[in-house]
Amino acid sequence: MKICTLCKKKLSVKSFYRKDNDNLYSYCKECNSKKTKKWYKNNRESHMAKTKERYERNRKDCINLLGGKCKECGIIDYRVLCIDHINGNGSQERKIIKGGGSFLKMKKKIISGKHNYQLLCMNCNWIKAIQNNETRKLYTNFKDKT
Ligand SMILES: [Zn+2]
Ligand SMILES: [Zn+2]
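Because the structure is predicted, anything quoted here is derived from the model rather than measured. (Residues numbered from 1 in each chain as written. Chains lettered and ligands numbered in written order. Predicted model: local features only at pLDDT ≥ 70, side-chain atom pairs only at ≥ 80, totals over all residues.)

A. Local environment of the overall build of the protein chain. Per the secondary structure count, the protein chain includes four helices and five strands. Relative to its full complement of 146 residues, the protein chain shows a buried share of 10%. Of all intrachain contacts in the protein chain linking residues separated by at least 6 positions in sequence, the fraction that spans at least 24 positions is 53%. (Helix = DSSP H or I, 4+ residues; strand = E, 2+ residues; numbered from the N terminus. Buried ≥ 20, exposed ≤ 12 C-beta atoms within 10 Å, placed from the backbone. Contact = placed C-beta atoms within 7 Å.)

Put into structure tokens, the structure is as follows:
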């Protein structure tokens, strides 16, 4: 018999995993699987936090690479700045960039110099949309988000 150091239960040797021929783990199989689950959960949370962090970092990098301020009014607040895509075909069709993975791709594009991005704040974006009669499209974009 052996006492588990975690749950303090007195259990048969069979309830413990074997480290090598002579040694057993100090906690039982049940505690072992609980520990693994906990580790997995923590790990997943930190993984999610890292993903979010990377997303924010890439977004800020893109903003910095594009000058760090709104092209129209010069505001430098990251929270209202968004990256605007100008289509090369002259039709002035524009698109606000959303989504996570795309910022890394975008960053590479900006660095390579071959891009159609510009930096606008939410206000100037909206004003431009009104000027270009794009409000209906933008409105549906915003409605999708909420
Ligand atoms: Zn135990
Ligand atoms: Zn602006």
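B. Structural view of helix H1 (residues 29–65). Spanning 37 residues, H1 covers 53 Å between terminal C-alpha atoms, matching the ideal 54 Å at 1.5 Å per step. Once H1 finishes, Gly 67 follows within two positions and takes phi at roughly 110°, a positive value. (Expected span 1.5 Å × (residues − 1).)

C. A look at the nonpolar core. Counting ten residues, the largest nonpolar core consists of Cys 62, Cys 70, Leu 81, Ile 83, Phe 103, Met 106, Leu 119, Leu 120, Cys 121 and Cys 124. Mapped by element, the contributors of at least two residues to this core are strand E3 (81–86), helix H2 (102–112) and strand E5 (117–121). With three residues, the top contributor of residues to this core is E5. Once residues lying within four places of it in the same chain are set aside, the contact partners of Leu 81 are Ile 63, Cys 70, Leu 119 and Cys 121. (Core = buried A, V, L, I, M, F, W, Y, C linked by C-beta atoms within 7 Å.)

D. Representation of unusual backbone geometry. Despite not being glycine, Lys 8 has its phi angle at roughly 60°, a positive value. Within the secondary structure layout, Lys 8 lies in the loop between strand E1 (2–3) and strand E2 (10–11).

E. The arrangement of the environment of Lys 128 in detail. Position of Lys 128 relative to the elements: it lies in helix H3 (residues 122–131). Taking the C-alpha atoms as reference, Lys 128 lies 9.8 Å from Glu 72; in sequence the two are 56 residues apart.

F. Just the confidence of the model for the protein chain, in detail. On average, residues of the protein chain carry a pLDDT of 84, and 82% of them reach 70 or more. Element-level mean pLDDT values for the protein chain span from 56 in strand E4 (residues 94–96) up to 95 in E2. Within the model, pLDDT remains below 50 along residues 88–93, and this stretch shows three contacts once partners closer than five positions in the same chain are excluded. (pLDDT = per-residue confidence, 0-100.)

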